[in-house]
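Structural overview for review
Residues per chain, in single letters:
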Amino acid sequence: MGPALTLPRLVFGPGKLAALRDELAWLGCRRPLLISDRGLEKAGLVAQVMEAAPAIIATFLDVPENPTAEGCDLAAQACLDGVCDSIIALGGGSVIDTAKLVAALIPSGLPQAADLIGHTDLIDDNVLPLIAIPTTLGTGSESSPVSAMHLVPGGPTYGVRSARLVPRLALCDPDLARSLPPRLIAATGIDALSHCIEGYFANPGNPIIDALALDGIARVTDAIHDAVKPEGDAARMSLMAAAYAGGVAIHKGLGPAHAIAVSCADQHLHHGTAVAIALPHTTRLLSTHVPAKAAKVRRAMGLLPDTDLGGAISAVIEALGMPETLSAAGYVVRDKDALLADVVASHFNRSSPYAPTIDEYRAILDRISG
């Protein structure tokens, strides 16, 4: 039996930000807090959301590039100070993950976000209503049950998982991704691909999730090269759909590429870039152990049946100009044995249909270290 699936109400399409006012009213949100970041404020997107939702009575715009416990606590204080009854998250994974934890923290009675780690039993039905408005094209946080944070900037990543963390509403308007730089379109798009591939491979199966994941794989493969172009509105819309599908796939779990990427989250390396470096190698390994599923991934990517799946993913990443090794991405492997131990111990191995051995992981790390 597959995992339980909780999905947000979905409003999707160009110009759909205009529906925000009515959606807030439908949800009964009268005093929302807007959580976002300074980059989106400079890009004018915060002002657009404020205009679309006059009910917003407080803002927190200092979410860091990677979500931190301190950022969550400061946002929670802004929520309390404003006596807010709901949260709007405008941004990528860092913003939406921060907002998820704030929505759970406020009613939990816990003093700080870090206390949620290991205590998901305290996340109950009183979670504040959360509206997620993604501005990137890959994290899938708008439809996933997971939030991540760093206890200290540049420190290890800790995850909090609960079906109650799934946003109440996902408002996906691809017009809001027009200002996204091509390098971030590429990185977040490959992140979506990784969620769809590893979520599809993950056990146990779920026919609805698996169908969405395969559709997401096809969309990323078909659209990502056009999405980085200024005129790529249709392609960006397709990637936004793939990102949502990837977030749904996370309900099943992920796999070894994420075991590596999350273990490399200690030096401000963009998560999508880290996943892109690992994904070709881990997918090649999985394809030898789960050939039937690998065949369906090849079909979704439009590949011939005997195509090297890892090589095909590498070709997509190389064409985007993304780094193929950790060193090329600016990441320094300071202690390979310690990194290897973290990767082998990762919980992502538990949902994978095949968990690489320590020797297989060592070989992959040797190849990608650079």
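Source: prediction; values computed, not measured.

Next up on the list: the overall build of the protein. Of the regular secondary structure elements, the protein holds 15 helices and 8 strands. On C-alpha atoms alone, the protein measures out to a radius of gyration of 19 Å, which is about the 21 Å that the 2.2 N^0.38 rule sets for 370 residues. Taken along the three principal axes of its C-alpha coordinates, the protein extends 55 × 40 × 40 Å. Sorting the 370 residues of the protein into buried and exposed places 57% on the buried side. Sequence-distant contacts in the protein: of pairs separated by 6 or more residues, those separated by 24 or more amount to 80%. Accessible area for the protein stands at about 14600 Å²; split by element, carbon and sulfur atoms hold 54% of it.

Per the stated rule, a full pass over the model turns up 13 salt bridges. Here Glu41 makes a salt bridge to Arg38, at a shortest N to O gap of 2.9 Å. Placement of the pair is Glu41 and Arg38 together in helix H2 (residues 38–42), with a separation of 3 residues, close to one helical turn. With relative accessibility at 35%, the residue Glu41 sits in the partly exposed group. The salt bridge involving Asp233 is made with Arg236; its shortest N-O contact spans 2.6 Å. Taken together, the positions of Asp233 and Arg236, both in helix H8 (residues 233–249) and 3 residues apart, correspond to about one turn of that helix. Given the relative accessible area of 32%, Asp233 is considered partly exposed. On the accessibility criterion, Arg236 (3% relative accessible area) is buried. Through salt bridges with shared partners, a single ionic network connects Asp175, Arg178, Asp233 and Arg236.

A separate point is the packing of helix H10 (residues 271–289) against helix H15 (residues 358–369). Viewed as axis vectors pointing N to C, H10 and H15 meet at an angle of 145°, and their least axial separation amounts to 10 Å. Note on packing geometry: the crossing formed by H10 with H15 is right-handed. For the pair H10 and H15, the contacting residues are Ile277, His281, Thr282, Leu285 and His289 in the first and Glu360, Ile364, Arg367 and Ile368 in the second. Residues of the contact of H10 with H15, tallied by class, amount to 4 nonpolar, 3 polar and 2 charged.

What follows concerns the packing of helix H6 (residues 182–201) against H10. One can describe the packing of H6 onto H10 by two numbers: an axis separation of 9 Å at closest approach and a directional angle of 35°. Between H6 and H10 lies a crossing whose hand is left-handed. For the pair formed by H6 and H10, the contact residues are Ala187, Ile190, Asp191, Leu193, Ser194, Ile197, Glu198 and Phe201 on the first element and His271, Gly272, Thr273, Val275, Ala276, Leu279, Thr282, Thr283 and Leu286 on the second.

Here is what the cut-offs are and how they apply
Residues numbered from 1 in each chain as written. Predicted model: local features only at pLDDT ≥ 70, side-chain atom pairs only at ≥ 80, totals over all residues. Heavy atoms only, no water. Helix = DSSP H or I, 4+ residues; strand = E, 2+ residues; numbered from the N terminus. Rg over C-alpha atoms; globule rule 2.2 N^0.38 Å. Buried < 20%, exposed > 50% of the residue type's maximum accessible area, 1.4 Å probe, protein only. Contact = heavy atoms within 4.5 Å. Areas by Shrake-Rupley, 256 points an atom, 1.4 Å probe, with all protein chains shown as cover. Salt bridge = Lys/Arg side-chain N within 4 Å of Asp/Glu carboxyl O. Axes fitted to C-alpha atoms, helices over the stretch in contact; angles between N-to-C directions. Left-handed = near helix turned anticlockwise from the far one by under 90°. Nonpolar A, V, L, I, M, F, W, Y, C, P; charged D, E, K, R; others polar.

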